Amino acid sequence: VEAALADGPLKGRHIVVTSGPTHEPIDPVRYIANRSSGAQGTALARALAALGADVTFVTGPATVPPPDGVKVVKVQTAREMLAAVQTALPADAAVFAAAVADWRMAEDHGQKIKKDGSGAPPVLSFAENPDILATVSQMKTGRPKLVVGFAAETEKVEAHATAKRQRKGCDWIVANDVSPVTGIMGGDENAVVLITDAGADRWPRMRKSLVANRLAELIAEALAQ
Ligand code: CTP
Ligand code: CA
């Protein structure tokens, strides 16, 4: 298999993939996280590498291990993820599958936040994290030819994802419903809608590895154009 891989349709292409959650520290012992396992991003990186791509895999603290045959860059926070992506560029394509924390703490807490004895909880203030997908989509020079985002929604999936694609300026959005009832976040399956300039393509629910294989094939076709 390995020999065939190196000669696939993505041979010689560099693709950056982000994956997993990010962790944003609250203080030295606590952090903000989300339920992303990294499964879909990992499957996609594996599928791209299997088609011969040279993959830089920028991952937050995911629960599934990174795939073999890719360059792994481990990060914790959104800001570290942005820096790692910028270091990894240029690339032919970039796929942003990470569930990036939208907010971080507004101030650095160098010491553990302590109860003050009054019974009053602390008030945490947040700052918005940089949007990695939007930053790369809107690059004036050196933008990857194909920029693919994901959209995690819990309602009005297509409408929200279509608006997201417009707002961020990416080429494709892979949208999914991450409501707990779907079991998609943390599960083995995904039901995605692929949004491109041609409209919305609803894929049936299938294993994340299969979603990854299909997406990798489409990416190979788009880069061959
Ligand atoms: N994304 C990113 N950097 C961020 C936030 C999101 O690169 N700071 C990327 C994600 O990796 C994904 C896409 O943007 O590819 C959409 O993420 P999502 O959380 O669905 O959208 P947001 O723009 O953050 O909007 P909201 O969470 O409010 O729906
Ligand atoms: Ca978000």
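In the annotation of an unreviewed UniProt entry, the entry for the protein reads Coenzyme A biosynthesis bifunctional protein CoaBC, and the organism field reads Psychromarinibacter halotolerans.

Regarding the site of ligand 1
With respect to spatial proximity, 16 residues lie near ligand 1, and among them Phe 96, Val 100, Ile 132, Leu 133 and Gly 149 are the closest. Only helix H4 (132-137) and strand S9 (146-153) provide two or more residues apiece to the shell around ligand 1. Ranked by residues supplied to the shell around ligand 1, first place goes to S9 with 4 residues.

What about the pairing of strand S6 (residues 93-96)?
Residues Ala 93 and Val 95 line one face of S6 and the alternating positions Ala 94 and Phe 96 line the opposite face, and both faces are buried. Where strand S1 (residues 14-19) and S6 come together, 4 bridges link them in parallel fashion. What sits directly across from Thr 18, in S6, is Phe 96. The pairing of S6 with S9 spans 4 bridges and is parallel. Each residue of the ladder has a partner; that of Phe 96, found in S9, is Gly 149.

Focus on the packing of helix H2 (residues 39-50) against helix H6 (residues 208-224)
In the contact formed by H2 and H6, the axes pass within 8 Å of each other and the chain directions differ by 45°. One way to sum up the angle between H2 and H6 is to call them oblique. When the axes of H2 and H6 are compared, the crossing they make is right-handed. Facing H2, whose interface residues are Ala 39, Gln 40, Ala 43, Leu 44, Arg 46, Ala 47 and Leu 48, H6 presents Lys 208, Ser 209, Val 211, Ala 212, Asn 213, Leu 215, Ala 216 and Ile 219. Of the residues that constitute the contact of H2 with H6, the class distribution is 10 nonpolar, 3 polar and 2 charged.

What counts as what
- Residues numbered from 1 in each chain as written.
- Chains lettered and ligands numbered in written order.
- Predicted model: local features only at pLDDT ≥ 70, side-chain atom pairs only at ≥ 80, totals over all residues.
- Near = placed C-beta within 6 Å.
- Helix = DSSP H or I, 4+ residues; strand = E, 2+ residues; numbered from the N terminus.
- Buried ≥ 20, exposed ≤ 12 C-beta atoms within 10 Å, placed from the backbone.
- Pairing = 2+ DSSP bridges.
- Axes fitted to C-alpha atoms, helices over the stretch in contact; angles between N-to-C directions.
- Parallel < 35°, antiparallel > 145°, perpendicular 65-115°, else oblique.
- Left-handed = near helix turned anticlockwise from the far one by under 90°.
- Contact = placed C-beta atoms within 7 Å.
- Nonpolar A, V, L, I, M, F, W, Y, C, P; charged D, E, K, R; others polar.

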